[in-house]
Amino acid sequence: MISTDPAHSLSKSLCEEVGGTPTRVSPRLWGQEVDAQAEMERHWSGVQRWLGELLIERGVDRISAEELTVPPGMDELFSLLRLQAQHRSGDWEVIVVDCAPTGETLRLLSFPDVARWWIQKVFPLERQILAAARPIAASVLDIPLPGHAVFADIHRLSENMIAMNEILRDHELCTVRLVMNPDKMVIGEAMRTFTYLNLYGYLADAVVVNRVFPAEVGDYFAAWRTLQEEHLE
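Cut-off values and rules
- Residues numbered from 1 in each chain as written.
- Predicted model: local features only at pLDDT ≥ 70, side-chain atom pairs only at ≥ 80, totals over all residues.
- Heavy atoms only, no water.
- Helix = DSSP H or I, 4+ residues; strand = E, 2+ residues; numbered from the N terminus.
- Buried < 20%, exposed > 50% of the residue type's maximum accessible area, 1.4 Å probe, protein only.
- Contact = heavy atoms within 4.5 Å.
- Areas by Shrake-Rupley, 256 points an atom, 1.4 Å probe, with all protein chains shown as cover.
- Phe/Tyr/Trp six-rings, centres within 6.5 Å; stacked < 30°, edge-to-face > 60°.
- Pairing = 2+ DSSP bridges.
- Expected span 1.5 Å × (residues − 1).
- Arc of directions from axis to C-beta.
- Right-handed = clockwise from strand over helix to strand, strands pointing away.
- pLDDT = per-residue confidence, 0-100.
- Patch = residues over 30% accessible without salt bridge, like charges linked within 9 Å, V, L, I, M, F, W, Y side chains within 5 Å.
- Salt bridge = Lys/Arg side-chain N within 4 Å of Asp/Glu carboxyl O.

J.: Whenever I open this one, the overall build of the chain confuses me. Can you help?
T.: Across its full length, the chain holds 10 helices and six strands. Of all 233 residues assigned to the chain, the portion counted as buried reaches 32%. Intrachain contacts of the chain at a sequence separation of at least 6 include 67% that bridge at least 24 residues. When the accessible surface of the chain is split by element, carbon and sulfur atoms take 58% of a total near 14,600 Å².

As C-alpha cells, then:
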C-alpha cells in the first residue's frame, strides 16, 4: 500500500509505523508513505534552483522563494512517480494507492497531456529558444535564462508522467475505486469524479461507501438513517 496523500494516515490505518521506503506490515503486506520532499528534490531540483535564484534576485526572501518554486499539487504528482518505480520493479503482486481527496487527484489527470505538449512542441525548439532569447533577457529584461539542466529536469519529469499515465490508463492493470460517505454533497462530488475519470480514460470499477448507519441504530439516528437510504438509492 502506497499513500500519496500529503496528510498521511496509512500508519494509523495499519497500526504500524511505515515510512518513505516499503515497510513490512505482515507476511504479505508492505506499506509506504511517500516522502514528497525527497521525490521533489529528485525530480525538480534543477528547476527549483533556477526559479529560486530568479526570485531572490527580484527581492523575494529565500524562504518565500523556496515555497514559490513548487506549484500547488506537485507534491502529490512526485509521490505518484514512486508508484511508477514500484510497478517497474516487479516486486509486487498488487499495489494499492491511497490518494488525496478527489479535488487534488483530479487536478493531476491533465498533467500527462500537458507533458506531451511540452515534449512535442517545446523541447525540439529548446536550443533555438535559448539562443534567440538570451541576448534579449540579458540586455533588456535582465533575467537569467534557464540552462539545459532545467530543461532536462522538465523533460525527464514529463516522460515519467506520460509513462505513469499509461500504467494508470491500462484497464488490464489498473482500476480506480471511489471511496465516499452517503451524504448528498459527497455523492454529487463522486458523480463528477466518475465522469472525469471516464473522460480521461481511467477505469472506475467500484464504489466503497463508508459510515452507513445499520438498521439497529436506534431512534436517535433514525432520521439520519432515512436520509442515508434516500441518498444511497
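J.: Honestly, the packing of aromatic side chains in this entry has me stumped. Any pointers?
T.: The description of two aromatic rings rests on the distance between their centres and on the angle between their planes. Tallying each qualifying case throughout the model produces five aromatic pairs. With 5.6 Å between their ring centres and 45° between their planes, F221 and W224 make a pair best called tilted. An aromatic cluster is built from F213, Y220, F221 and W224, whose rings are joined through pairwise contacts.

J.: Would you mind showing me how to read the sheet that holds strand β1 (residues 2-3) here?
T.: Whether parallel or antiparallel, the strands of a sheet pair through hydrogen bonds between backbone atoms. Taking strand neighbours across the sheet as the criterion, the four strands line up as β2-β3-β1-β4 in an open arrangement whose pairing is mixed. Looking at strand neighbours, the two that pair on one side only are β2 (23-26) and β4 (97-98), the edges of this open sheet. As paired strands, β1 and strand β3 (residues 29-33) are joined by two bridges and run parallel to one another. Paired with S3 across the strands is E33, a residue of β3.

J.: I keep staring at helix α9 (residues 184-199) and nothing clicks. Help me out?
T.: Every α-helix carries 3.6 residues per turn, so stepping three or four residues along brings you back to the same face. For α9, spanning 16 residues, the distance from its first C-alpha to its last is 23 Å, which sits close to the expected 22 Å at 1.5 Å a residue. Taken together, the buried positions of α9 are occupied by I187, A190, T193 and L197. The buried residues of α9 occupy one face: seen down the axis, they fall within an arc of 120°. Turned more than 90 degrees off the buried face of α9, the exposed positions are K184, M185, M191, R192 and L199. Note on α9: the residue one or two positions beyond its end, G201, has a positive phi of about 85°.

J.: How should the pairing of strand β5 (residues 176-180) be read in this particular structure?
T.: As paired elements, β5 and strand β6 (residues 204-209) share five bridges and run parallel to each other. Looking at the pairing, M180 lines up with V209 of β6. The β-α-β motif built from β5, the intervening α9 and the parallel element β6 has right-handed crossover chirality.

J.: Would you mind going over the environment of M185 with me for this structure?
T.: In this structure, M185 sits in helix α9. Judged by its relative accessible area of 74%, M185 falls in the exposed class. For the pair formed by M185 and H231, sequence separation is 46 residues and the distance between their alpha carbons is 9.9 Å.

J.: Mind showing me how you'd approach the confidence of the model for the chain here?
T.: Parts of the prediction with low pLDDT should not have their coordinates interpreted in detail. On average, residues of the chain score 76 in pLDDT, and 63% of them reach the 70 mark or higher. With pLDDT under 50 throughout, residues 125-141 is counted as low confidence; its partners more than four residues away or in other chains account for 16 contacts.

J.: Sorry, what's going on with the side chain of S3 here?
T.: Looking at the element boundaries, S3 is found in strand β1. For S3, a relative accessible area of 0% translates into the label buried.

J.: Mind showing me how you'd approach a nonpolar patch on the surface here?
T.: Residues V207, V209, V212 and L232 make up a contiguous nonpolar surface patch of about 290 Å² in total accessible area. Following the sequence through the fold, L232 ends up in helix α10 (residues 222-232).

J.: Looking at this structure, I do not really get the pattern of salt bridges. What am I missing?
T.: Scanning all chains against the criterion turns up three salt bridges. Across the pair R225 and E229 runs a salt bridge whose closest N-O atoms are separated by 2.9 Å. Remark: E229 and R225 occur in helix α10; sequence separation between them is four residues, near one turn of the helix.

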